[in-house]
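Fold and geometry: a report
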Amino acid sequence: MISAPEAPAYLDTLLLVLDLLGVFFFAVSGSLLAARRQFDLIGSVFLAFLAGLGGGVVRDLIINEDVPHAFANPLYLIPPALAAALVYFRLVTQGRLRRTLLVFDAAGLALFCVTGTRTALAAGIEPIMAILLGVATGVVGGLLRDVVANEVPEIFNRHGLYAVPALFGAGLSSLLWTLDLFNWLTAALVMLAVFAFRLVSFRMRWMAPNAARGSGS
């Protein structure tokens, strides 16, 4: 464990807001997937909570928080409920924005890999391990969402990079923290970079190397 520098109060508030936004974006992706799979409203709410809160709960349990943030702060219950309601009333649909689910998922990934890394660093976790926790925060919610909905998880989808943008964002966040350059502006820039990286990689069909060299197409 390392001693973490004390962050300004405004940064804690800002990162809480960003964390809640990340919960909302992932929760919308969960409810959209439920709608696409023709699940009922209960299934939509369940996937919204699972996608929105799963990554953060896993992170907090690994950090050994007494109570995960999602259960200690009632504010975390609002974004998944709002997401399910928006999809139920068709205020957010697949048809109104091309690849809507992908966009919300990419936004959640971008926010969570940064806020997850910062949370781990603030708890005194070593930078390398904080990067891994940041990636986990970013990808676990989507992984749980897809597995429960019987979909191929996005992290294993070869049409675009998923974990790599999260690793990039978490690594850059850890570096900025170590250099004492992590603030609201640099955090926002990293999030935008991860969001763009994810969408461009999907658009351009960038792929990570196969598990065995020379295998596959």
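Residues numbered from 1 in each chain as written. Predicted model: local features only at pLDDT ≥ 70, side-chain atom pairs only at ≥ 80, totals over all residues. Heavy atoms only, no water.

- An unreviewed UniProt entry lists the chain under the name TRIC cation channel family protein, from Citricoccus nitrophenolicus.
- Taken verbatim from the UniProt record of the chain, the Sequence similarities (unreviewed entry) comment is "Belongs to the UPF0126 family." (UniProt positions renumbered as here; feature names shortened; annotations may be inferred.)

1. Looking at the overall build of the chain
- Each helix and strand counted, the chain has eight helices and zero strands in total.
- Along the chain, helices (α) and strands (β) appear in the sequence α-α-α-α-α-α-α-α when read from the amino end.
- On C-alpha atoms alone, the chain measures out to a radius of gyration of 17 Å, which is about the 17 Å that the 2.2 N^0.38 rule sets for 217 residues.
- Dimensions along the principal axes, computed over C-alpha positions, put the chain at roughly 50 × 50 × 30 Å.
- The buried share among the 217 residues of the chain stands at 48%.
- When contacts within the chain are restricted to residue pairs at least 6 apart in sequence, long-range pairs at least 24 apart make up 78% of them.
- Mean positive and mean negative side-chain charge positions of the chain (14 and 13 charges, respectively) differ by 19 Å. (Helix = DSSP H or I, 4+ residues; strand = E, 2+ residues; numbered from the N terminus. Rg over C-alpha atoms; globule rule 2.2 N^0.38 Å. Buried < 20%, exposed > 50% of the residue type's maximum accessible area, 1.4 Å probe, protein only. Contact = heavy atoms within 4.5 Å. Lys, Arg positive; Asp, Glu negative; His and termini not counted. Charge placed at Lys NZ, Arg CZ, Asp CG, Glu CD.)

2. Focus: helix 6 (residues 127-148)
- In this model helix 6 runs 32 Å from its N-terminal to its C-terminal C-alpha over 22 residues, within 8% of the 32 Å that 1.5 Å per residue would give.
- Roughly 35 degrees is the biggest bend found in helix 6, and it falls at Val139.
- Backbone geometry just downstream of helix 6 places Asn150 in the positive-phi region, at approximately 60 degrees. (Expected span 1.5 Å × (residues − 1). Bend = angle between axes of the 7 residues up to and from the residue.)

3. Things to note about the side chain of Asp19
- Looking at the element boundaries, Asp19 is found in helix 1 (residues 9-36).
- No salt bridge is formed by the buried Asp19, whose closest oppositely charged neighbour, Arg59, lies at an N-O distance of 4.2 Å.
- Residues in contact with Asp19, not counting those within four places in the same chain, are Arg59, Tyr76, Phe112 and Thr115. (Salt bridge = Lys/Arg side-chain N within 4 Å of Asp/Glu carboxyl O.)

4. Brief notes about a nonpolar patch on the surface
- Together, Tyr10, Trp184, Leu185, Leu189 and Leu192 give the surface a local cluster of nonpolar side chains, amounting to about 550 Å² of exposed area.
- In terms of residue count, helix 8 (residues 184-204) provides more of the nonpolar patch than any other element does, four residues in total.
- Here Tyr10 is to be found in helix 1.
- Residue classification places Tyr10 among the partly exposed positions, given a relative accessible area of 44%. (Patch = residues over 30% accessible without salt bridge, like charges linked within 9 Å, V, L, I, M, F, W, Y side chains within 5 Å. Areas by Shrake-Rupley, 256 points an atom, 1.4 Å probe, with all protein chains shown as cover.)

5. What to know about the nonpolar core
- Judged by nonpolar contacts, the single largest core of 38 residues is most densely connected at Val114, Val139 and Phe182.
- Elements that contribute at least two residues to this core include exactly helix 1, helix 2 (41-63), helix 5 (100-122), helix 6, helix 7 (163-178) and helix 8.
- It is helix 5 that provides the largest number of residues to this core, a total of eight residues.
- With residues near it in sequence (within four places) discarded, Phe182 still touches Leu11, Leu15, Val114, Arg118, Ser173, Leu176, Trp177 and Ala187.
- Membership of the second largest hydrophobic core comes to 16 residues, among which are Val28, Leu86, Val87 and Val92. (Core = buried A, V, L, I, M, F, W, Y, C linked by side-chain atoms within 4.5 Å.)

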